[in-house]
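What follows is the residue order along each chain.
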Amino acid sequence: MESKISFDQRCGSRPLYHLPVMREEVVGHWMTDRGGIYVDATLGGGGHAEALLGHLTEQGRLIGIDRDEEALAAAADRLRRFGDRVILKQGTFSEMGTMLKALKIEEVSGVLFDLGVSSHQIDRAGRGFSYRQDGPLDMRMGQTERTRTAADVVNSYSEQALFDLFRRYGEERWSRRIARRICTLRNRSPFERTSQLREAIVSVIPGRAPQKTLARIFQALRIEVNDEIGELERGLEAAIFLLKTGGHLAVLSYHSLEGRTVKAIFRKHIRGCHCPPGLPVCVCGGRRILKAVCREKPSAEDVARNERARSARLRVVEKTMSNE
Ligand SMILES: C[S@@+](CC[C@H](N)C(=O)[O-])C[C@H]1O[C@@H](n2cnc3c(N)ncnc32)[C@H](O)[C@@H]1O
């Protein structure tokens, strides 16, 4: 059965789409110039965007990007009062460079990535992200994208490919057994529903607390379906290129795979040269174009207010040099 948006947290008379994590800290670091142009690469329900716009002057503008049309509709409603200071675009954050070029914007004062999925996406059974509710095995963040669904992955990948995927993106110790079970069951009837996958996973893991394993396998499939790590790498590079000198890039990550990817890309641009040690002169041409600003965890109050904040890490870097 299709679930409704959760009504337990309201925003005025509207149900809340998503409660923004570390809102004040994010805005404090994202904003470097009150009249600047900003990108929210993961717009969601527009919570962070709304908080930022509230601090900008009349010259300040925001470009909001999301691959999910439901997010864009919710954010358009929430940000309507800011009029033409807000431009919303559907697409992936790796397409950010092309989108901004089409808008004739060459550089920006700040970019935000708030990674993963929104509460709305998880709460809607019809999107297939949650192992807690029955729904189609979909998991595409953009429902009009002509990409594979979770059902396509589960029904077509080889046992070895499923094992690799569960190990790499889920870091799950029962990956081998789960991959084997899926391949046996799908020969009888293909997987179409999240409940089928849930049953297959639960049937092969010992013990009575399968929640963590379920969460890891569903996370692994979600990452694969949406190419989340590839998107993150390309999106961060695009954002770093677009930042003006002094501009900030802020990233909220929620699990170690995301965190490692962000750290690796930041480190590469903070160190500059990546030649092997011992070379008399640099041959890679790498330049130090970023400096670290902060790495913060949510406060206890943030976690008490918002369960989703528990695993959040905020990393912020500053561009110190132009692209030339
Ligand atoms: C955690 S939510 C953002 C919530 C938002 N900060 C707010 O305050 O409501 C992440 C959003 O990013 C979007 N998203 C994730 N990966 C994306 C990508 N590669 N390109 C564009 N949007 C993406 C998801 O569809 C989701 O709406």
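Everything below is about the structure shown above.
Here we summarise the structure given alongside this text. (Residues numbered from 1 in each chain as written. Predicted model: local features only at pLDDT ≥ 70, side-chain atom pairs only at ≥ 80, totals over all residues.)

1. Re the overall build of the protein chain
Basically, it comes down to this: Runs of E in the DSSP output that reach at least two residues are strands. Runs of H or I that reach at least four are helices, and both are numbered from the N terminus. For the radius of gyration, the atom set is restricted to C-alpha positions; the globular benchmark scales as 2.2 Å times the number of residues to the power 0.38. Counts of 20 or more other C-beta atoms within 10 Å of a residue's own C-beta define buried residues, counts of 12 or fewer define exposed ones, and intermediate counts define partly exposed ones; C-beta atoms are placed from the backbone.
Per the secondary structure count, the protein chain includes 13 helices and 9 strands. Taking 324 residues into account, the globule formula puts the C-alpha radius of gyration at 20 Å, and the protein chain, at 21 Å, falls close to it. Taking the principal axes of the C-alpha coordinates as reference, the protein chain spans close to 65 × 60 × 40 Å. Out of the 324 residues in the protein chain, the part that is buried amounts to 43%.

2. Digging into unusual backbone geometry
One non-glycine residue, Glu 171, lies in positive phi territory at about 50°. Here Glu 171 is to be found in the loop between α7 (159-170) and α8 (175-188). Its identity is not glycine, yet Asp 227 carries a phi of approximately 45°, on the positive side. In this fold, Asp 227 is placed in the loop between α10 (211-225) and α11 (228-242).

3. A look at the site of the ligand
Which entries qualify depends on this criterion: Using a C-beta atom placed from the backbone, a residue is scored as near a molecule or strand whenever that atom is within 6 Å of it. Nonpolar residues are Ala, Val, Leu, Ile, Met, Phe, Trp, Tyr, Cys and Pro. Charged residues are Asp, Glu, Lys and Arg, and all others, Gly as well, are polar.
The full set close to the ligand counts 21 residues, and Pro 20, Thr 42, Gly 44, Gly 47 and Asp 114 are the nearest of them. For the shell around the ligand, the secondary structure elements donating two or more residues are α2 (47-53) and β4 (61-66). Considering only residue class, the shell around the ligand consists of 6 nonpolar, 10 polar and 5 charged.

4. Comments concerning the nonpolar core
Most often, soluble globular proteins keep nonpolar side chains buried together rather than apart. The test is simple: Linking buried Ala, Val, Leu, Ile, Met, Phe, Trp, Tyr and Cys residues through C-beta atoms within 7 Å yields a set, and such a set is a nonpolar core. Residues are defined as contacting one another if the C-beta atoms placed from their backbone atoms lie within 7 Å.
Counting 54 residues, the largest nonpolar core has Ala 41, Leu 52, Met 96, Val 111, Ala 239, Leu 249 and Leu 252 as the members making the most contacts within it. Examining the composition of this core, we find that 6 residues originate from one element, α11, more than from any other. Once residues within four sequence positions are removed from consideration, Ala 239 is found in contact with Ala 41, Met 96, Val 111 and Leu 249. One finds Leu 162, Leu 165, Ala 179 and Ile 182 within the second-largest nonpolar core, a separate group that totals 28 residues.

5. Notes on the packing of α11 against helix α12 (residues 256-271)
The packing of two helices is summarised by the inter-axis angle and the distance between the axes. The following threshold applies: Lines fitted to C-alpha atoms define the axes here, with helix axes fitted over just the stretch in contact, and angles between the N-to-C directions of these axes take values from 0 to 180 degrees. Rotating anticlockwise by less than a right angle from the far helix to the near helix defines a left-handed crossing, while the corresponding clockwise rotation defines a right-handed one.
Interaxial distance between α11 and α12 falls to 10 Å at its minimum, and their mutual angle equals 30°. As α11 runs across α12, the sense of the crossing is right-handed. The segment α11 lies against α12, with Ile 229, Leu 232, Glu 233, Leu 236, Glu 237 and Ile 240 engaging Leu 257, Glu 258, Thr 261, Val 262, Ile 265 and His 269. Here the contact of α11 with α12 is built from residues that sort into 7 nonpolar, 2 polar and 3 charged.

6. As for the packing of α7 against α8
Keep this limit in mind: Any angle from 65 to 115 degrees is called roughly perpendicular, while one under 35 is roughly parallel, one over 145 is roughly antiparallel, and all others are oblique.
Interhelical geometry of α7 versus α8 gives an angle of 140° and a closest axis separation of 8 Å. Between α7 and α8, the angle falls in the class oblique. Considering only the axes of α7 and α8, their crossing is right-handed. Of α8, the residues touching α7 (which contributes Glu 159, Leu 162, Phe 163, Phe 166, Arg 167 and Gly 170) are Ser 175, Arg 176, Ile 178, Ala 179, Arg 180, Ile 182 and Cys 183. In terms of residue class, the contact of α7 with α8 is made up of 7 nonpolar, 2 polar and 4 charged.

7. Concerning the sheet that holds strand β5 (residues 86-90)
Quick note on the threshold: Two strands pair if DSSP finds at least two bridges between them.
The strand order β5-β4-β3-β6-β7-β9-β8 describes an open sheet built from 7 strands, whose pairing is mixed. With partners counted over all chains shown, the strands left at the sheet margins are β5 and β8 (290-296), one partner each. Here the strands of the sheet are splayed against their neighbours by 15° on average, with no regard to which way each runs. Across the sheet, helix α1 (residues 23-30) touches β3 (37-40), β6 (108-114), β7 (243-253), β8 and β9 (313-319), and the angle it forms with β7 is around 160°.

8. Details of helix α3 (residues 69-78)
All of the buried residues in α3 are Glu 70, Ala 71, Leu 72, Ala 74, Ala 75 and Arg 78. Those residues of α3 hidden inside the fold are in contact with α2, β4, β5 and α5 (119-123).

9. Points about α11
Which entries qualify depends on this criterion: In this analysis, the expected span of each helix is defined as 1.5 Å times one less than the number of residues it contains.
With 15 residues, α11 ought to run about 21 Å at 1.5 Å a step, and its terminal C-alpha atoms sit 21 Å apart, in line with that. Every buried residue of α11 is accounted for by Glu 228, Glu 231, Leu 232, Gly 235, Leu 236, Ala 238, Ala 239, Ile 240 and Leu 242.

10. Focus on the environment of Ala 300
Checked against the element boundaries, Ala 300 lands in helix α13 (residues 300-305). Each C-alpha atom of the pair Ala 300 and Arg 310 lies 8.8 Å from the other, and the pair is 10 residues apart in sequence.

11. Observations concerning the environment of Ser 94
Along the chain, Ser 94 falls in the loop between β5 and α4 (96-102). Using a count of 20 C-beta atoms within 10 Å as the deciding quantity, one classes Ser 94 as buried. Counting along the chain gives 145 residues from Ser 94 to Ala 239, while the straight-line C-alpha distance between them is 8.8 Å. With residues up to four places along the chain from it excluded, the contact list for Ser 94 reads Glu 231, Arg 234, Gly 235 and Ala 238.

12. Points about the pairing of β7
Taking burial as the measure, the 11 residues of β7 include 8 buried ones, the bulk of the element. In this sheet, β7 lies alongside β6 in parallel orientation, the contact comprising 6 bridges. From the neighbouring strand, Val 111 faces β7, where its bridge partner is Leu 249. Here β7 pairs with β9 via 6 bridges, running antiparallel. Within β9, the position partnered with Ser 253 by the bridge is Arg 313.

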